[in-house]
Amino acid sequence: MSILVYCEHDNSSLKGATLNTVAAAQAIGGDIVLLVVGHNCGAVAEEAAKIAGVSKVLLADNVAYAHQLAENVALLVTELGKQYAYILAAATTTGKNFMPRVAALLDVQQISDISAVEAPDTFKRPIYAGNAIATVKSLDKIKVITVRSTGFDPVAAEGGSASVETLDQVHETGLSSFVSEELAESDRPELTAARVVISGGRGMQNGENFKILDKVADKLGAAIGASRAAVDAGFVPNDMQVGQTGKIVAPELYIAVGISGAIQHLAGMKDSKVIVAINKDEEAPIFQIADYGLVADLFEAVPKLESLL
Amino acid sequence: MNQIDQKEVGMKVLVAVKRVIDYNVKVRVKADHSDVDLSNVKMALNPFCEIAVEEAVRLKEKGVATEIVVVSIGPKVCQEQLRTALALGADRAILVETEQEVQPLAAAKLLKAVVDEEKPNLVILGKQSIDGDNNQTGQMLAALTGYSQGTFASEVLIEEGKAKITREIDGGLQTLELNLPVIITTDLRLNEPRYASLPNIMKAKKKPLVSKSPKDFDVDISSRYELLSVIPPAKRQGGIKVASIEELVDKLRNNDKVIS
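Here is what the cut-offs are and how they apply
- Residues numbered from 1 in each chain as written.
- Chains lettered and ligands numbered in written order.
- Predicted model: local features only at pLDDT ≥ 70, side-chain atom pairs only at ≥ 80, totals over all residues.
- Heavy atoms only, no water.
- Axes fitted to C-alpha atoms, helices over the stretch in contact; angles between N-to-C directions.
- Helix = DSSP H or I, 4+ residues; strand = E, 2+ residues; numbered from the N terminus.
- Parallel < 35°, antiparallel > 145°, perpendicular 65-115°, else oblique.
- Left-handed = near helix turned anticlockwise from the far one by under 90°.
- Contact = heavy atoms within 4.5 Å.
- Nonpolar A, V, L, I, M, F, W, Y, C, P; charged D, E, K, R; others polar.
- Core = buried A, V, L, I, M, F, W, Y, C linked by side-chain atoms within 4.5 Å.
- Buried < 20%, exposed > 50% of the residue type's maximum accessible area, 1.4 Å probe, protein only.
- Buried area = accessible area lost by both parts, 1.4 Å probe.
- Salt bridge = Lys/Arg side-chain N within 4 Å of Asp/Glu carboxyl O.
- Pairing = 2+ DSSP bridges.
- 1 Å grid on protein atoms, 1.4 Å probe; cavity = no way out; pocket = protein on both sides within 12 Å on 5 of 7 lines; lining within 4 Å.
- Points joined across faces, edges and corners; volume = space filled by probe spheres on them.
- Phe/Tyr/Trp six-rings, centres within 6.5 Å; stacked < 30°, edge-to-face > 60°.
- Lys NZ or Arg CZ within 6 Å of the ring centre and 35° of its normal.

S.K.: Explain the packing of helix α4 (residues 93–105) of chain A against helix α5 (residues 137–145) of chain B residue by residue, including any values.
M.R.: Two numbers describe how α4 of chain A lies on α5 of chain B: the axes approach to 7 Å, and their chain directions differ by 50°. Judged by the angle between their axes, α4 of chain A and α5 of chain B are oblique. The crossing of α4 of chain A and α5 of chain B is right-handed. Counting all contacts with α4 of chain A, which are made through Lys96, Asn97, Pro100, Arg101, Ala103, Ala104 and Leu105 of chain A, the residues of α5 of chain B involved are Gln139, Met140, Ala142, Ala143 and Leu144 of chain B. Considering only residue class, the contact of α4 of chain A with α5 of chain B consists of eight nonpolar, two polar and two charged.

S.K.: Residues and numbers for the nonpolar core, please.
M.R.: Formed by 45 residues in total, the largest nonpolar core has its most connected members in Leu34, Val36, Val57, Leu88 and Ile145 of chain A. Top contributing element to this core by residue count: helix α1 (residues 17–28) of chain A, with six residues. Dropping the residues within four chain positions of it, Val36 of chain A is found in contact with Cys7, His9, Cys41, Val44, Ala45, Ala48, Val57, Leu58, Leu59 and Ala60 of chain A. By size, the runner-up hydrophobic cluster in this structure holds 44 residues, among which are Val15, Leu45, Val64 and Val70 of chain B.

S.K.: Lay out the interface of chain B and chain A with the relevant residues and their values.
M.R.: The interface is formed by 75 residues belonging to chain B together with 82 residues belonging to chain A. Three residues, Arg224, Arg236 and Ile245 of chain B, lead the burial of chain B against chain A; their summed loss comes to 12% of the area buried on that side. Among the salt bridges present, the one from Arg224 of chain B reaches Asp140 of chain A, with a minimum N-O distance of 2.6 Å. Among the residues making up the side of chain B that touches chain A, the classes are represented as 36 nonpolar, 22 polar and 17 charged.

S.K.: So what's going on with the sheet that holds strand β15 (residues 274–279) of chain A? Which residues, and what values?
M.R.: Judged by pairing direction, the sheet is parallel, and its six strands sit side by side in the order β13(A)-β12(A)-β14(A)-β15(A)-β16(A)-β13(B) without closing on themselves. A strand with exactly one partner marks an edge of an open sheet, and here the two such strands are β13 (223–226) of chain A together with β13 (240–242) of chain B. Going across the sheet, the axis of each strand differs from the next one's by a mean of 25°, ignoring polarity. Strand contacts of helix α8 (residues 245–255) of chain B: β14 (253–257), β15 and β16 (292–295) of chain A together with β13 of chain B, with the helix running at about 165° to β16 of chain A, the strand carrying the most contacts.

S.K.: Run through empty space enclosed by the protein, naming residues and quoting values.
M.R.: Summed over all chains, the structure comprises one cavity of 30 Å³ or more. A volume near 60 Å³ is recorded for the largest cavity. In terms of lining residues, the largest cavity is bounded by Gln109 of chain A together with Gln103, Leu105, Ala106, Lys109, Asp220, Ile221, Ser222 and Arg224 of chain B. Along the lines of polarity and charge, the residues of the lining of the largest cavity split into three nonpolar, three polar and three charged.

S.K.: Outline the packing of aromatic side chains, supporting the account with residue identities and numerical values.
M.R.: For the structure on display, the rule yields one aromatic pair over all chains. With centroids separated by 4.4 Å and ring planes inclined at 50°, the aromatic side chains of Tyr6 of chain A and Phe98 of chain A adopt a geometry described as tilted. Here Phe98 of chain A lies in helix α4 and Tyr6 of chain A lies in strand β1 (residues 2–6), a separation of 92 residues in the sequence. Note on accessibility: Tyr6 of chain A and Phe98 of chain A belong to one class, buried. Taking NZ or CZ as reference, Lys127 of chain B lies 5.9 Å from the ring centre of Phe152 of chain B, over its face.

Treat this as a map of the structure, not an account of what it does.
See the structure below:
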């Protein structure tokens, strides 16, 4: 039984979600082959080859794949995928974009966003925004699966020595072309990969005040997130949003500052190992799930926290 | 392209919508863990689908679209959601009526059949429904039709025979240029849907709504996965209140060892 795992990357480095996806592949069990699709992404393939437990890395390096456009990538993965029992990708915006296209081309019902492997054909996945957990048994011959990173502990990034095989298939449909990209520039770790996340909510009052979180984040090496309320109020950009409609995170430490704890937000962070809530409203629902709650004015508490770190 | 040209082209928009649990309703799992309990629960248009309808209506108001056809798949009661879409501004509706569970691949196959009949220039769907959270149907429809796809759209521009779509991706925004016909799936920030006015709700009752069955399209909608069980998520135990930042830092440092 062989498993094809699609690598998440930006042409220069491998993204952490790949390690969680490989972990899901290991939980299924079988020969694990990684696929790197991009342009000028040889370094990514080298990195992928070092992941523990990988038998081979396939590299499709062509300008047609530079931006991993769904139309082109799906044709390649469909062609390759016919020889595998499983095709896995992280449930990131990349995986969510092209994988259903692959599934449809293979006439397979994709299983989205799995959070656990119960048996080689049976998976757990959150439904209704995580308010229920479904166990589903796939009846398809090839299983096309996207993996929720927070459900699986990452495998070791080092320790393997797989060979890299270069592919020469090029699929260019001409249906779509890349125009531009606006990515948030930051020296901080990515939200979904960070060990510590500190998030601000409506209680931050404005975007300027998020600077006080910066200082704490600097000391903890944390990523900075926000609740949907803070995003909708225009304090910070959308890509900082943690929650049902934003990013799903599960860091070792999650610090919620001025966040009331709407279900929408909890859906995105409740699997964090330790949750701290700082809020001046002692009735705030966030305190019901926080390991440590501090009822305090965040504008006094956060600078003090920073000074003690 | 000026507006008259576009009218001659007659851009048709197909919007697919789904009836789901109202997003304000607290989801409860059945006692026998067979599924979520939907008996006597308020149902509504899926929020992402509402955004899809709104976007189509705005395109029509701008003179880009000339006709909006709205389609749903499900039992007869889905007519309610189609009437809602008609009240919001769609011109006519199609219900592919079935009592069977329709999984995303089957939905995409049925929608493909509708696309073959209607030949729209643009199909807009929600990026996911808030019940199954699958996020598949639009992409699958794009694959089956061989059309381009603009998923998780936060901006849609139709110009010079192309669609320019800005997408919400991890870490920021991406803009693509896509050939028509195109399949678009909506993200939350694409627009803020309007409310249907009472006169429009009345008018919607007279707009055409036809019913079809999966058999009319000769599409196999059998299930490809079995739902074995549905359970509530693990409850997180609330912890303690700390009296001060000092106490908090001490706990994190010495009890949990998550900071140094």
